[in-house]
Structure formats: structure tokens, C-alpha cells
Amino acid sequence: MAEVLTRSQAEDRESRYRELLPQLEALISSETDVIANMANVCAALRETFGFLWIGFYRVENTSLILGPFQGPIACTRIAFGRGVCGTAWSEARLVLVDDVDQFPGHIACSSASRSEIVVPILSEKRVVAVLDIDSDQLADFGPVDAQWLTLLAQHLGQRWPTL
Ligand code: SME
């Protein structure tokens, strides 16, 4: 596929996800390198939605380690169960936070972050990474984001390299 995203004038988030997901799936399916795929996913989400921070943390032994991302520099390692990302990993579930200041143990990489969504990526029933998105708006994420980002995470997980 051409290295350019096709976007209509759609303004609402659901329509944008609906347009973006097939393009991302095509991109991911045509490339076996997971780092390259994560990098393009971040760039595409940033280009489409303009969120403050979009990135991946990969599971490596007892930590999450920063992977490809778009946005301000971020903390590089997160322990199992710590912060929003570590919670999504330890509980193997999507975590949606309307107000990061109300989330016990939230790790503030950027003081501009107000709300956050973290989606685990599972491969063969194990969490192998998380997709983390931060917004500078309170309660910026909802069921539409959860639904589409879960689909994206499933797609990435199905193509995750196995040892
Ligand atoms: N806020 C996250 C840390 C990662 S940054 O947002 C990029 C957390 O609490 O896990």
C-alpha cells in the first residue's frame, strides 16, 4: 500500500476509526517487523487524532520497556502492576482513565496529560505489549476508542512474532 493515509472530511471519531482501521490492518499485514508496525501505528493515530502521546510499551521480563511512540519523551521502564500501563498488563485488560489525577499510582510522564487509555496486546493469551494513549483533555476517551483500539490490538497480537 502507498505510505499515505486516506482521510475524508469525517470529523467524528468513530468515522475516523472506521476509515483508519482497514488501512492500518493492510499496513500491518504487509510487514512482518513488529517495531516497524508499531511505529506506523503511532504515526497514523497521531496524524488522525492529534492525541498528546501515543506509544507502545513492550513486556520484557518483569518490566514494560518503552517502544515506538509519538509525542514528548516518556519514562522508559514501568514495573509490573505499576501505573495505568502496568495495571493493564497485570490485569490483562483495557484501562480507561477519565482523570489521571484520580488514578492511584498514575505515572506522570507529561504534566499536560489529563486522561489516558491503555490497551493490552495479547499473543497466545499472554500480554506482550500495551498501547498507551494520553490526551491533554479530561475524559477524552470512551467506548468508541475502546472498541476500535481493541480491534487494532487484536490485529497486532495476531501478527506478533513468536519465539
Ligand atoms: N501514564 C502512564 C505512564 C506512561 S506515559 O503516560 C507515556 C502510566 O501511568 O502507566
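Before any of the text, the structure's been laid out above.
Here's a quick rundown of the structure. Everything quoted here is computed from the prediction, not taken from an experiment.

1. What to know about the packing of helix α1 (residues 13-29) against helix α4 (residues 143-158)
Look at α1 against α4: their axes get within 10 Å of each other, and the N-to-C directions meet at 5°. As summarised for this structure, α1 and α4 are arranged roughly parallel, according to the angle between their axes. Taking contact as the criterion, the partners of R13, E14, Y17, R18, L21, L24, E25, I28 and S29 in α1 are, on α4, V144, D145, Q147, W148, L149, L151, L152, H155 and L156.

2. Comments concerning unusual backbone geometry
Glycine aside, residues mostly have negative phi, and peptide bonds are mostly found in the trans state. Phi at K125 takes a positive value of approximately 70°, unusual for a residue other than glycine. In this structure, K125 sits in the loop between β5 (115-123) and β6 (126-135). You will see that A139, though not glycine, has its phi angle at about 50°, which is positive. Relative to the helices and strands, A139 resides in the loop between β6 and α4. Relative accessible area serves as the criterion here: at 45%, A139 is assigned to the partly exposed category.

3. Points about the site of the ligand
Surveying the vicinity of the ligand reveals 13 residues, the closest of which are V84, C85, I107, E116 and D134. At 2.7 Å from a nitrogen atom of the ligand is found a main-chain nitrogen or oxygen belonging to I107. Within the contact set of the ligand, an oxygen atom lies 3.1 Å away from a side-chain nitrogen or oxygen of D134. Coverage of the ligand by the protein chains reaches 99% of its 310 Å² of free accessible surface. Counting only elements with at least two residues in the shell around the ligand, the list comes to β1 (53-60), α3 (83-90) and β6. Broken down by element, the shell around the ligand gets its largest block of residues, three residues, from α3.

4. Digging into the state of the cysteines
Inspection of every chain in the model, using the stated rule, returns zero disulfides. The structure places no disulfide on C85, whose sulfur is separated from the nearest cysteine sulfur, that of C75, by 7.4 Å.

What counts, and where the lines are drawn
- Residues numbered from 1 in each chain as written.
- Predicted model: local features only at pLDDT ≥ 70, side-chain atom pairs only at ≥ 80, totals over all residues.
- Heavy atoms only, no water.
- Axes fitted to C-alpha atoms, helices over the stretch in contact; angles between N-to-C directions.
- Helix = DSSP H or I, 4+ residues; strand = E, 2+ residues; numbered from the N terminus.
- Parallel < 35°, antiparallel > 145°, perpendicular 65-115°, else oblique.
- Contact = heavy atoms within 4.5 Å.
- Buried < 20%, exposed > 50% of the residue type's maximum accessible area, 1.4 Å probe, protein only.
- Near = heavy atom within 4 Å.
- Polar contact = N/O pair within 3.5 Å; in protein donor to acceptor, adjacent residues only side chain to side chain.
- Areas by Shrake-Rupley, 256 points an atom, 1.4 Å probe, with all protein chains shown as cover.
- Disulfide = S-S within 2.5 Å.

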